[in-house]
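An overview of the molecular structure
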Amino acid sequence: TKKTPPVAPPPPRHNEYLEAKRKGRHSGTGKRRGTANARLPFKVIWMRRTRVLRRMLKKYRESKKIDKHMYRELYLQAKGNKFKNKMNLMENIHRLKAEKAKEIQVEEQAEARKARAAAQRARKAAKAQQN
């Protein structure tokens, strides 16, 4: 007897299967043949992330949220794989800005302290001259 040729699944069933695949079904470890890198190359992931981070940095620089010096520093850090994602980069920017603000505040306080001390010295000198 002749062997019957393998029959493809009927179109409705095949469409149902494709619909399930679109929802993310049938893609477990048992269904995978290629390596993770073959399925979605690391390079592609890297390019996507880098483009996202660079786009965000440009937007921040144009909207004056960061100055050109901070932009350059962060750009090179992004190139050096320091940031995992956008959120990571955003948190880093907020931290840097907070540190910068704190430095400025401390400097202002020191200047005010110096001014007060100088004024007090002047008062003491004036009092000493009076007596």
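In short, a report on the structure. (Residues numbered from 1 in each chain as written. Predicted model: local features only at pLDDT ≥ 70, side-chain atom pairs only at ≥ 80, totals over all residues. Heavy atoms only, no water.)

1. Things to note about the nonpolar core
Stated formally: Here, the term nonpolar core denotes a set of buried Ala, Val, Leu, Ile, Met, Phe, Trp, Tyr and Cys residues that are joined through side-chain atoms within 4.5 Å. Accessible area is worked out with a 1.4 Å probe on protein chains only. A residue is then buried under 20% of its type maximum, exposed over 50%, and partly exposed in between. Strands here mean DSSP runs of E at least two residues long; helices mean DSSP runs of H or I at least four residues long; both are numbered from the N terminus. Between two residues, a contact is recorded if the distance between any of their heavy atoms is within 4.5 Å.
By size, the foremost hydrophobic cluster in this structure holds 14 residues, and its most contacted members are L57, I66, L74, F83, L89 and I93. Broken down by element, this core gets its largest block of residues, five residues, from helix 4 (residues 68–79). What L57 contacts, discounting residues up to four positions off in sequence, is I66, Y71, L74, Y75, L89 and I93.

2. What to know about a negative patch on the surface
Put simply, the test is: Patches here are clusters of residues that have more than 30% relative accessible area and form no salt bridge, with a 9 Å joining cutoff for like charges and a 5 Å cutoff for nonpolar side chains (Val, Leu, Ile, Met, Phe, Trp, Tyr). All accessible-area figures derive from a Shrake-Rupley calculation using a 1.4 Å probe, and residue coverage is judged against the displayed protein chains alone. The salt bridge criterion pairs a side-chain nitrogen of Lys or Arg with a carboxyl oxygen of Asp or Glu, the two atoms within 4 Å. By the counting rule applied here, Lys and Arg register as positive and Asp and Glu as negative, while His and the ends of each chain are not counted. Working definition for charges: the position is that of NZ of Lys, CZ of Arg, CG of Asp or CD of Glu.
Together, E103, E107, E108 and E111 make up a negatively charged patch on the protein surface. Following the sequence through the fold, E103 ends up in helix 5 (residues 86–130). Assessed through its relative accessible area of 51%, E103 is described here as exposed.

3. Some points on a nonpolar patch on the surface
A cluster of nonpolar side chains, L40, F42 and I45, forms an exposed patch at the surface whose accessible area comes to about 280 Å². Within the element layout of this structure, F42 appears in helix 3 (residues 42–62).

4. Overview of the packing of aromatic side chains
Selection rule: Ring pairs shown here join Phe, Tyr and Trp side chains whose ring centres sit within 6.5 Å, with only the six-membered ring taken for Trp; geometry is labelled stacked below 30 degrees between planes, edge-to-face above 60, and tilted in between. A ring has a charge above it when a Lys NZ or an Arg CZ is no more than 6 Å from the ring centre and no more than 35 degrees off the ring normal.
Summed over all chains, the structure comprises one aromatic pair. An angle of 40° between the planes, with centres 5.7 Å apart, marks the rings of Y71 and Y75 as tilted. With Y71 and Y75 both in helix 4, this residue pair falls four residues apart, about one helical turn. Exposure remark for Y71: the relative accessible area of 5% places this residue in the buried category. We classify Y75 as buried; its relative accessible area is 18%. Positioned above the aromatic ring of Y75 is the side chain of R72, whose terminal nitrogen or guanidinium carbon lies 4.9 Å from the ring centre.

5. Thoughts on the side chain of N92
In this structure, N92 sits in helix 5. Exposure remark for N92: the relative accessible area of 8% places this residue in the buried category. Residues in contact with N92, not counting those within four places in the same chain, are L74, Q77 and F83.

6. Some remarks on the packing of helix 4 against helix 5
The condition that has to hold: Helix axes are fitted only over the stretch in contact, all axes being lines through C-alpha atoms; the angle between N-to-C directions runs from 0 to 180 degrees. Note: crossing handedness is left-handed where the near helix turns anticlockwise from the far helix by less than a right angle, and right-handed where it turns clockwise. Asp, Glu, Lys and Arg are counted as charged, while Ala, Val, Leu, Ile, Met, Phe, Trp, Tyr, Cys and Pro are counted as nonpolar; the rest, among them Gly, fall into the polar class.
In the contact formed by helix 4 and helix 5, the axes pass within 12 Å of each other and the chain directions differ by 145°. Crossing hand, helix 4 versus helix 5: right-handed. Contact with helix 4, carried on its side by M70, L74 and Q77, involves L89, N92, I93, L96, K97 and K100 of helix 5 and no other residues of that element. Residue classes in the contact of helix 4 with helix 5 are distributed as five nonpolar, two polar and two charged.

7. Details of unusual backbone geometry
Of note, the phi angle at H26 is positive, near 55°, even though the residue is not glycine. The partly exposed category is assigned to H26, whose relative accessible area is 34%. Of note in the backbone geometry, K64 takes a positive phi value of approximately 65° without being a glycine. Its place among the elements puts K64 in the loop between helix 3 and helix 4.

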